[in-house]
Amino acid sequence: MAKGRKIYEGKAKILYEGPEPGTLIQYFKDDATAFNNEKRAVLDGKGVLNNRISEFVMTQLNSIGLPTHFLKRLNMREQLIKEVEIIPLEVICRNVAAGSISKRLGLEEGAPLPRSIIEFCYKKDELGDPLVSEEHITAFNWASNQEIDDIIAMTLRVNDFLTGLFAAVGIKLVDFKVEYGRLYEGEMVRTVLADEISPDSCRLWDMSTGEKLDKDRFRRDLGGVTEAYSEVARRLGIIKEDKGGAEILSFGGE
Ligand code: UDP
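About the thresholds
Residues numbered from 1 in each chain as written. Predicted model: local features only at pLDDT ≥ 70, side-chain atom pairs only at ≥ 80, totals over all residues. Heavy atoms only, no water. Salt bridge = Lys/Arg side-chain N within 4 Å of Asp/Glu carboxyl O. Helix = DSSP H or I, 4+ residues; strand = E, 2+ residues; numbered from the N terminus. Buried < 20%, exposed > 50% of the residue type's maximum accessible area, 1.4 Å probe, protein only. Pairing = 2+ DSSP bridges. Contact = heavy atoms within 4.5 Å. Polar contact = N/O pair within 3.5 Å; in protein donor to acceptor, adjacent residues only side chain to side chain. Near = heavy atom within 4 Å. Nonpolar A, V, L, I, M, F, W, Y, C, P; charged D, E, K, R; others polar.

## Here's the deal with the pattern of salt bridges
Counted under the stated rule, the structure contains 31 salt bridges. When the shortest N-O distance is used, the salt bridge between Lys177 and Asp195 registers 3.2 Å. Placement of Lys177 in strand β12 (residues 171-185) and of Asp195 in the loop between β13 (188-194) and β14 (202-206) is noted, with a sequence separation of 18 residues between them. Members of the salt-bridge network, linked through shared partners, are Arg94, Arg104, Glu109, Glu119, Asp175, Arg203, Asp216, Arg219 and Arg220.

So this is what it looks like as structure tokens:
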């Protein structure tokens, strides 16, 4: 499919104009960044895996009636999505203490939380995406009270669904980050899930060994990053058993 003009380039993805008005093409790069861009690498095949894993998850969420921006995967690295206005929040949902909440509140990594906790960060790279409260969000008009309510309800639903999906293949969903957008349909505006859901944006631990199968392998220099992402794809049945992924996914070009 012919791509239109590049409209945005982020750390791991590029957005192009889509073939129809109201559509965009989301291209998954192999670039990995962490610690607000301080650490960078190119991980061969990561974009291909994230495209496939995010397609799988978004398709399932669409099918349970949770609205997302996802329309269809076009090829190894691209998907067709609905154009939305991104709400400038990173919405984090946590089931188990890890990462920044462990540091901030002195919780041991791996300690189950008393209940699922949702946090909001203001999407602003220059500021390192600071944690904000609902007070900040409404005072600065980043989202309305109604949108916050919708976002919380949808995120808890995503959490329940993903927790089950991953538990069925022996993976613990520790936490994840999602983003939402405003979808304008005539007079109507709907809040829909946007961006991606992949091992770049989730913490996924093997249930029996505790092995990390997510971006912490990159952040913490554990090695085997794309191998871990392939393992997630293999367990979800996205790539075939015992072929090491590369063969099936043909990591080259596109
Ligand atoms: N996360 C993300 N993008 C970000 C920040 C966090 O996808 O810019 C994800 C991260 O992969 C983890 C969850 O959100 O699954 C919670 O991250 P945390 O706040 O613990 O941040 P970190 O420890 O990565 O700084």
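## Thoughts on the pairing of β12
The element β12 is largely enclosed, with a buried count of 12 among its 15 residues. Note: strand β8 (residues 85-86) against β12, two bridges, orientation antiparallel. Bridging from a neighbouring strand, Ile86 pairs with Gly181 of β12. Note that β12 and β14 share five bridges and pair antiparallel. Residue pairing in the sheet places Lys172 in a bridge with Trp205 of β14. Pairing geometry for β12 and β13, over seven bridges, is antiparallel. Each bridged residue has a counterpart across the sheet, and for Glu179 the counterpart in β13 is Ala194. The hairpin formed by β12 and β13 contains two residues between the paired strands, and Gly186 there has a positive phi angle of roughly 60 degrees.

## Examining the environment of Arg217
Counting through the fold element by element, Arg217 comes out in helix α5 (residues 216-219). Relative accessible area serves as the criterion here: at 13%, Arg217 is assigned to the buried category. Between the C-alpha atoms of Arg217 and Ala228, which are 11 residues apart in sequence, the distance is 8.3 Å. Setting aside its immediate chain neighbours within four residues, Arg217 contacts Glu211, Lys212, Leu222, Gly223, Gly224, Val225 and Ala228. Within the structure, the side chain of Arg217 is placed 2.9 Å from the backbone oxygen of Lys212, a separation counted as a polar contact.

## Let's talk about helix α6 (residues 225-235)
Because an α-helix packs 3.6 residues into every turn, residues spaced three or four apart end up facing the same way. Among the residues of α6, those classed as buried are Val225, Thr226, Ala228, Tyr229, Ser230, Val232 and Ala233. Looking at the buried residues of α6, the elements they touch are α1 (46-63), α4 (145-167), β12, β14 and α5.

## Thoughts on unusual backbone geometry
Within the chain, Asp129 stands out as a residue other than glycine whose phi angle is a positive 50 degrees. With respect to the helices and strands, the residue Asp129 is situated in the loop between β10 (112-122) and β11 (131-132). Judged by its relative accessible area of 17%, Asp129 falls in the buried class.

## Examining the site of the ligand
In the region of the ligand, 15 residues are neighbours, and Arg94, Ser100, Asp175, Arg203 and Arg219 sit closest. Contact between the ligand and Arg94: an oxygen atom at 2.7 Å from a side-chain N or O atom of the residue. Side-chain polar atom of Ser100 to an oxygen atom of the ligand: 2.5 Å apart, as the coordinates give it. Contributions of two or more residues to the shell around the ligand are made by β9 (89-96), α2 (99-105), β12 and β14. Class assignment of the residues belonging to the shell around the ligand gives a composition of four nonpolar, three polar and eight charged.

Keep in mind these values describe shape, not function.
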